[in-house]
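Descriptive structure summary
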Amino acid sequence: DPALVEAGEKVFKKCKACHQIGDGAKNRSGPVLTGIVGSPAGRVEGFKYSKALTEMAENGLVWDADNLHAFLAKPKTFMKGTKMSFSGLKKEDDLAAITAYLKSVAN
Ligand code: HEM
């Protein structure tokens, strides 16, 4: 749904302080998010993840629409100890849109 992807690109403004995505993206205070949907957590080269994320990754966390929704709604509830200092997205519409946008920016 192109309209949802476009809405998600606007929501991504809230992530841009810490994350880059797409061509030429580099790790900042957060890891590059290109191709994140469908990919194992904690896989970005050169990024130093928290112990919390590393443990969930070792336990097999793969980012899909459902767990991204849960993480982005309440990062510190979904992942106790994460170093992502983001309070979360409150609106269901924003959560659906950001997931569609992230999915649209593949590797
Ligand atoms: C990690 C998405 C906002 C900092 C992550 C991960 C995702 C994500 C999917 C896991 C990446 C992986 O496993 O490789 C988003 C989205 C945001 C957002 C969609 C906006 C809605 C932010 C903001 C900050 C931030 C505003 C900084 C204040 C981080 C950090 C990590 C991270 C430091 C690593 C977490 C850890 O190792 O525990 N983010 N993020 N993010 N993000 Fe965000």
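Residues numbered from 1 in each chain as written. Predicted model: local features only at pLDDT ≥ 70, side-chain atom pairs only at ≥ 80, totals over all residues. Heavy atoms only, no water.

For the iron atom of the ligand, every protein donor is listed as His19 (NE2) and Met84 (SD), and the spread of their distances is 2.0 to 2.2 Å. In this structure, the iron atom of the ligand is surrounded by six donor atoms whose angles at the metal cover 85 to 178°, and the resulting shape is octahedral. Taken as a pair, histidine 19 in the loop between helix H1 (2–11) and helix H2 (51–58) and methionine 84 in the loop between helix H4 (75–78) and helix H5 (92–104) lie far apart in primary sequence, 65 residues in all. The same class applies to histidine 19 as to methionine 84, namely buried. (Donors = N, O, S within 2.8 Å, 3.2 Å for Na, K, Ca; no water. Tetrahedral: all angles 85-135°; square planar, octahedral: opposite > 155°, others 65-115°. Helix = DSSP H or I, 4+ residues; strand = E, 2+ residues; numbered from the N terminus. Buried < 20%, exposed > 50% of the residue type's maximum accessible area, 1.4 Å probe, protein only.)

Within the secondary structure, valine 32 sits in the loop between H1 and H2. Judged by its relative accessible area of 14%, valine 32 is buried.

This next bit is on the packing of aromatic side chains. A full pass over the atoms with the stated rule returns five aromatic pairs. Put simply, the rings of Trp63, Phe71 and Phe78 pair up and form one aromatic cluster. (Phe/Tyr/Trp six-rings, centres within 6.5 Å; stacked < 30°, edge-to-face > 60°.)

This paragraph deals with the environment of alanine 73. With respect to the helices, strands and loops of the structure, alanine 73 is situated in helix H3 (residues 65–73). Note: C-alpha distance between alanine 73 and proline 2 (71 residues apart in sequence) is 22 Å. Those residues within four positions of alanine 73 in sequence are excluded, and the remaining contacts are Ser87, Gly88, Leu89, Lys90 and Leu95. (Contact = heavy atoms within 4.5 Å.)

Moving on, we get to the pattern of salt bridges. Going through the model one piece at a time under the given rule, you end up with one salt bridge. Lysine 51 is the salt-bridge partner of glutamate 55, the closest N and O atoms lying 3.4 Å from each other. Here glutamate 55 and its partner lysine 51 are both found in helix H2, four residues apart, which amounts to about one turn of the helix. Note on glutamate 55: relative accessible area 39%, which makes it partly exposed. By relative accessible area, which is 65% here, lysine 51 ends up exposed. (Salt bridge = Lys/Arg side-chain N within 4 Å of Asp/Glu carboxyl O.)

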